[in-house]
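What follows is each chain in one-letter form.
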Amino acid sequence: MAIVRVRRMKNMIKITFPDGSVREYKEGITSLEIAESISPRLAQEVLAASVNGETWDLTRPIGHDATVKLLKWEDEEGRHAYWHSSAHLMAEALQELYPGIKFGIGPAIENGFYYDVDPGEGVVIKESDFPAIEKKMLELSAAKEEIRRQSISKADAVKMFSERNENYKVELINELQDGTITTYTQGSFTDLCRGPHLPNTSYIKAVKILSAAGAYWRGDEKRPQLTRLYGITFPKKKMLDEYLVMLEEAKKRDHRKIGKELELFAFSSNVGAGLPLWLPKGTQLRLRLEDFLKKIQNEFDYQQVITPHIGAKQLYVTSGHYAKYGKDSFQPIHTPEEGEEFLLKPMNCPHHCEIYKAFPRSYKELPLRLAEFGTVYRYEQSGELHGLTRVRGFTQDDAHIFCTPDQVKGEFLKVMDIIFILFKALNFENFEAQISLRDPNDKDKYIGSEENWEKAEAAIVEACAEKGLKAKVVLGEAAFYGPKLDFMVKDALGRRWQLGTIQVDYNLPERFELEYTGADNQKHRPVMIHRAPFGSMERFVAVLIEHTAGKFPLWLAPTQAVVLPVSEKHNEYAQHVVKTLKKHEIRAEVDDRNEKVGRKIRDNELKRIPYLLVVGEKEAENEEVSVRKQGGIDLGSIKLLTFAQNVTQEVKEMMNWERTN
Ligand SMILES: [Zn+2]
Ligand SMILES: [Zn+2]
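Residues numbered from 1 in each chain as written. Chains lettered and ligands numbered in written order. Predicted model: local features only at pLDDT ≥ 70, side-chain atom pairs only at ≥ 80, totals over all residues. Heavy atoms only, no water.

Draft legend 1. Representation of the sheet that holds strand β13 (residues 189-192). With respect to topology, three strands assemble into an open sheet ordered β11-β12-β13, the strand pairing being antiparallel. Only two strands of the sheet have a single partner each, and these edge strands are β11 (148-151) and β13. Recorded for the sheet is a direction-independent mean angle of 25° between the axes of neighbouring strands. For β11 and strand β12 (residues 182-186), the ladder comprises four bridges, and the chain directions are antiparallel. Bridge pairing links Gln150 to Thr183 in β12. (Pairing = 2+ DSSP bridges. Helix = DSSP H or I, 4+ residues; strand = E, 2+ residues; numbered from the N terminus. Axes fitted to C-alpha atoms, helices over the stretch in contact; angles between N-to-C directions.)

In structure tokens, the structure reads:
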């Protein structure tokens, strides 16, 4: 029998780009070659590629028709590949500087990367060692080492990493499935890794090791403690310099620091970690935000409700939250009665579903909008807690809208209106939105009818377009129970914070068997929309503090004016000024410490109080105040009543808003 050898010819494959255009390439083409075929400039900027929705190395051959998006620094996945490669570069440098060092995991994070390492018995990596590590990294970058991907069998991987005494890696390999394991190698360094990575080390031009901290292996305090080294890298030195300036400024604006200075909130170990105590001034601030939102919600026909902080276990079993939060929940609360079990509420929604169910509902009542500043409790590991941004008890500015499928779009438009009004009043000019839709290739995993999904997805996209909101559409990011729209604000330092969200839900109405009687006299299931413009009051106030550096807009400032008597003789008039201002609903206090007035001005400037009112002989005689605006602007003496009217007017203008829906 003759053996016929056929030399397989390379086929052509079709590559589809995000704009829908299609180009043909030889099978086995790499994303980098595709970029080169478009423009040399593009080839220099790309870092990785999304191939059929999966992030790939630029140098990985593509063997079939595919949708390809070339990822640059602007793309999160691009930066991710860049920083992940930087983690490897740091590991390679450490391996040269600390022979025998063992590696745990080294992922990219939102800003930069880290690597958990075990430098060996008695070896400590300190801040003073960072420059040497940075220098070594730059050396390895200059060497332009190629980064190579390789598939490896499980047995070979175990053998290879065991020989190097990399016990942490061996533990990880043992949990992987044979046939899915890959390594990445550059120079003399090989890591167990899924990738993706940059083509070579020379992309990394500017490096900074930021800090070292202890981290238990796999977050388990019974396992060894490793050293977590954080770092950040950039393709340009200038970008690193700018980042470091921003980091310095961020330190100054840390909400935990300012929160203490301005007496806004506190934590007490006696109360418990992650449970914030709102001090009087912080409470003022929070109540102003709540009042403002309540007023807007009232005009948008929301109804305020109040529900308990705990609920029977069965309620959360019905809602499905028990399955999700049960194991991370605090312990159940048992009463003397046999078998009774309550849980701290992780979400307000189940309670609101029960309010909906309190009466038979008619289509005439829809949309029904129930709002509550509802406090919820979720367990977070103590190491994860962080000021007001990661807490164990927090209050959501929650509301649930029950409506018909046809009303979804109208409700989205209205909620967007509310969010825009808030962002404007709070000077968040810079925000982005993301629409999360179904994965069109895997429609089975979603609950709810095809018809309703199509309607809701179209409703969100159209609502954004009508509002002129540029929103990024992400397929496959929707929850199994419905599509959603998320808002991200950029603060004064350009950092992005995830805040408000609007989420469609087909699941809870099903689980709670919610119904309304339609115009056809038949029973129908309502759609539920969850929405929280601030997200949580705690997190939002933290963001607001860092955005404003504690200089809150006048309408929000816990103290709007402080009266500074020039001497003890004028304390009485100062008290009269405070009383008058309070009558005009202006939040005022007196600083009657026995200090020179210059000192009082300096101290109160530091407290970021918008108006400083100096009062002495002349002011007392003429019923006047001498006004200094925050920042040292002297407005001179004016009549007390005129000042009160001016402040009232200024506040009114700031809170002025118009409804367009
Ligand atoms: Zn890796
Ligand atoms: Zn909800």
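Having seen the model, we can carry on.
Draft legend 2. Focus on the coordination of the zinc ion (ligand 1). With distances of 2.1 to 2.3 Å, the protein atoms coordinating the zinc ion (ligand 1) are His84 (NE2), His88 (NE2) and Cys193 (SG). Going along the chain, you hit the donors of the zinc ion (ligand 1) in the pattern H-x3-H-x104-C. Of this pair, His84 and His88 both sit in helix α3 (residues 76-97), four residues apart, which is roughly one turn of the helix. Just as His84 is buried, His88 falls in that class too. (Donors = N, O, S within 2.8 Å, 3.2 Å for Na, K, Ca; no water. Buried < 20%, exposed > 50% of the residue type's maximum accessible area, 1.4 Å probe, protein only.)

Draft legend 3. Layout of the coordination of the zinc ion (ligand 2). Taken together, the protein donors to the zinc ion (ligand 2) comprise Cys349 (SG), His400 (NE2) and His530 (ND1), at separations of 2.0 to 2.4 Å. Mapping the donors of the zinc ion (ligand 2) onto the primary sequence gives the spacing C-x50-H-x129-H. In this pair, Cys349 is assigned in helix α12 (residues 349-357) and His400 in strand β23 (residues 393-403), connecting sequence segments 51 residues apart. A single burial state applies to Cys349 and to His400, both of which are buried.

Draft legend 4. Spotlight on helix α16 (residues 537-548). With 12 residues, α16 extends 16 Å between its outermost C-alpha atoms, agreeing within 8% with the 16 Å of an ideal straight helix rising 1.5 Å per residue. Taken across its 12 residues, α16 has 11 buried, putting it largely inside the fold. Inspection of α16 places Met537, Glu538, Phe540, Val541, Ala542, Val543, Leu544, Ile545, Glu546, His547 and Thr548 among the buried residues, and these make up the whole buried set. Where α16 terminates, the next one or two residues include Ala549, which has phi positive at roughly 55°. (Expected span 1.5 Å × (residues − 1).)

Draft legend 5. The packing of α3 against helix α4 (residues 130-142), seen in detail. Interaxial distance between α3 and α4 falls to 9 Å at its minimum, and their mutual angle equals 110°. The pairing of α3 with α4 is recorded here as roughly perpendicular in orientation. Between α3 and α4 lies a crossing of right-handed hand. On the side of α3, the interface is formed by Ser86, Leu89, Met90, Glu92, Ala93, Leu94, Glu96 and Leu97, while α4 contributes Ala132, Ile133, Lys136, Met137, Leu140 and Ser141. (Parallel < 35°, antiparallel > 145°, perpendicular 65-115°, else oblique. Left-handed = near helix turned anticlockwise from the far one by under 90°. Contact = heavy atoms within 4.5 Å.)

Draft legend 6. Broad picture of the packing of aromatic side chains. Counting across every chain of the model gives 25 aromatic pairs. Their ring planes at 85° and their centres at 6.3 Å tell us that Phe420 and Phe487 sit as a pair that is edge-to-face. You can see Phe420 sitting in helix α13 (residues 408-425) and its partner Phe487 sitting in strand β26 (residues 484-490), a full 67 residues away along the chain. A relative accessible area of 21% places Phe420 in the partly exposed class. (Phe/Tyr/Trp six-rings, centres within 6.5 Å; stacked < 30°, edge-to-face > 60°.)

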